[in-house]
Amino acid sequence: MEDRVSLCAEAAARWHASWLRALGLRSERDVDAWRALDRPPLIYFAGITLRPEAGYETVVGAPGSICDTWQSLDLGAEGFRVWRTDPWFYRPPGDAPDLPRPPELELVAVSTPAEVYEFEVVSVRGFGGEDDSVEPGTYHPPSILEDDAMKMFLGRVDGQAVAAAMGYVTDDAVGVFGVTTVASARRRGYGTAVTRAAMFTETGLPAILAPSKQAERLYARLDFERVGELSIWVKGAPAP
């Protein structure tokens, strides 16, 4: 698979399918798109285009937000609106830059149900507010441990989780997802450290991700480069 944006779409689709399966939800795919069959939690897409030639009919019936991978769709007539655009980033295989890890940061590879719940807590706090919380297993149930391709990392300081990241390893690339740091612990190198762990450079595979615009500088330091842009289409409210 040579098209770098196709690598991004494929890794994102596999990552989504894994989480929905862990949540007991169904999904399907064909050559044009991946689609959820059951409505997923708000943080997940319900449809992802897998080819630039995919038509609107391949995802328009998906029960949630749509990742328009190549910005090739027009879903406005179907009642959708573009909520946000994000860049696709790609990093070729090879060692990561030698950026020192903060000495106070403990890096933990998630391997137990308790650590999955801990991961979910810090993710909710990092992407939301420090006081935010959800019912355990709402987004990240421990059954995800059954998928060996899903690798999750926690960053702890003084025994408290402050950062998180995921790496989903396919045959062709490593998809880096869910990188976050709680607001009170940002700008200390914790996000960079968990991202480096999730990249799995030792596999000899390229890495992909879709960062927020605010995080682009962080990933540029790790030798990621922009290769495209996606649009997120939503119908009604709330948005992801």
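Residues numbered from 1 in each chain as written. Predicted model: local features only at pLDDT ≥ 70, side-chain atom pairs only at ≥ 80, totals over all residues. Heavy atoms only, no water.

Asks: Quick question: what am I supposed to make of the environment of R35 here?
Replies: As for its position among the elements, R35 is in strand β2 (residues 33-36). Given a relative accessible area of 14%, R35 falls into the buried group. Spatially, the C-alpha atom of R35 lies 6.6 Å from that of I48, the residues being 13 residues apart in sequence. Leave out the neighbours within four places in its chain, and R35 touches S27, E28, R29, D30, A46, G47 and T58. At 2.9 Å, the side chain of R35 forms a polar contact with the side chain of D30. (Helix = DSSP H or I, 4+ residues; strand = E, 2+ residues; numbered from the N terminus. Buried < 20%, exposed > 50% of the residue type's maximum accessible area, 1.4 Å probe, protein only. Contact = heavy atoms within 4.5 Å. Polar contact = N/O pair within 3.5 Å; in protein donor to acceptor, adjacent residues only side chain to side chain.)

Asks: Which parts of the structure should I look at to understand the pattern of salt bridges?
Replies: Two side chains carrying opposite charge are able to pair once their charged atoms lie near each other. Taken as a whole and assessed by the stated rule, the structure comprises 16 salt bridges. One salt bridge in this structure joins R91 and D223, with 3.9 Å as the shortest N-O distance. Here D223 lies in the loop between α4 (216-220) and β11 (225-234) and R91 lies in strand β5 (residues 81-91), a separation of 132 residues in the sequence. The exposure class assigned to R91 is buried, which follows from its relative accessible area of 3%. Taking the relative accessible area as the measure of exposure, D223 reaches 42% and is therefore partly exposed. Linked by salt bridges that have partners in common, E10, R14 and R29 make up one network. (Salt bridge = Lys/Arg side-chain N within 4 Å of Asp/Glu carboxyl O.)

Asks: Just to check I follow, could you spell out the pairing of strand β9 (residues 174-181) for this structure?
Replies: Along a regular strand, successive side chains alternate from one face of the sheet to the other. Taken across its eight residues, β9 has eight buried, putting it largely inside the fold. Of the pairings in the sheet, the one linking strand β8 (residues 160-169) to β9 comprises six bridges and is antiparallel in character. Residue pairing in the sheet places Y168 in a bridge with G175 of β9. Counting the residues in the hairpin turn of β8 and β9 gives four residues. In this sheet, strand β10 (residues 207-209) lies alongside β9 in parallel orientation, the contact comprising two bridges. The partner of V174 across the bridge, within β10, is A207. (Pairing = 2+ DSSP bridges.)

Asks: Any chance you could explain the pairing of β8 here in plain terms?
Replies: Where burial is concerned, most of β8 is hidden: eight out of the ten residues are buried. Strand direction decides the pairing type here: strand β7 (residues 150-157) and β8, joined by eight bridges, are antiparallel. The partner of L154 across the bridge, within β8, is A164. Hairpin connection, β7 to β8: the antiparallel pair is bridged by two residues, and D158 has positive phi, about 55°.

Asks: Would you take a moment to explain the nonpolar core for this structure?
Replies: In a soluble, globular protein the nonpolar side chains are often hidden away together inside. Ranked by size, the top nonpolar core spans 80 residues in total, and within it W19 and M152 carry the most contacts. For this core, the leading source of residues is helix α1 (residues 4-22), giving twelve residues. Setting aside its immediate chain neighbours within four residues, W19 contacts Y44, Y139, H140, P141, I144, M150, M152 and M166. (Core = buried A, V, L, I, M, F, W, Y, C linked by side-chain atoms within 4.5 Å.)

Asks: Explain the side chain of T195 to me, please; I cannot follow it from the model alone.
Replies: Positionally, T195 belongs in helix α3 (residues 190-199). What T195 contacts, discounting residues up to four positions off in sequence, is A165, V176, V179, L218, Y219 and L222.

Asks: Which parts of the structure should I look at to understand the packing of aromatic side chains?
Replies: Where two aromatic rings form a pair, the distance of their centres and the angle of their planes describe that pair. Counted according to the given criterion, the structure contains four aromatic pairs. Pairing W15 with Y44 gives two aromatic rings, centres 5.7 Å apart and planes at 55°, and the pair type is tilted. Within this pair, whereas W15 is found in helix α1, its partner Y44 is found in the loop between β2 and β3 (47-49), the two being separated by 29 residues in sequence. Each ring, one from F153 and one from F200, has its centre 5.7 Å from the other, and the planes form 50°; the classification is tilted. Placement of F153 in strand β7 and of F200 in the loop between α3 and β10 is noted, with a sequence separation of 47 residues between them. Here the aromatic cluster, defined as three or more aromatic residues joined through ring pairs, consists of W15, Y44 and F177. (Phe/Tyr/Trp six-rings, centres within 6.5 Å; stacked < 30°, edge-to-face > 60°.)

Asks: Can you walk me through the sheet that holds β3 in this structure?
Replies: Within a sheet, each strand pairs with its neighbour through backbone hydrogen bonds, oriented either parallel or antiparallel. With mixed pairing, eleven strands are arranged side by side in an open sheet as β1-β2-β3-β4-β11-β5-β10-β9-β8-β7-β6. Edge positions in the open sheet fall to β1 (27-29) and β6 (105-109), since each of these has one partner strand only. On average, each strand axis in the sheet is tilted by 20° relative to the strand beside it, whichever way the strands run. Pairing of β5 with β10, which is carried by three bridges, proceeds in the antiparallel orientation. (Axes fitted to C-alpha atoms, helices over the stretch in contact; angles between N-to-C directions.)

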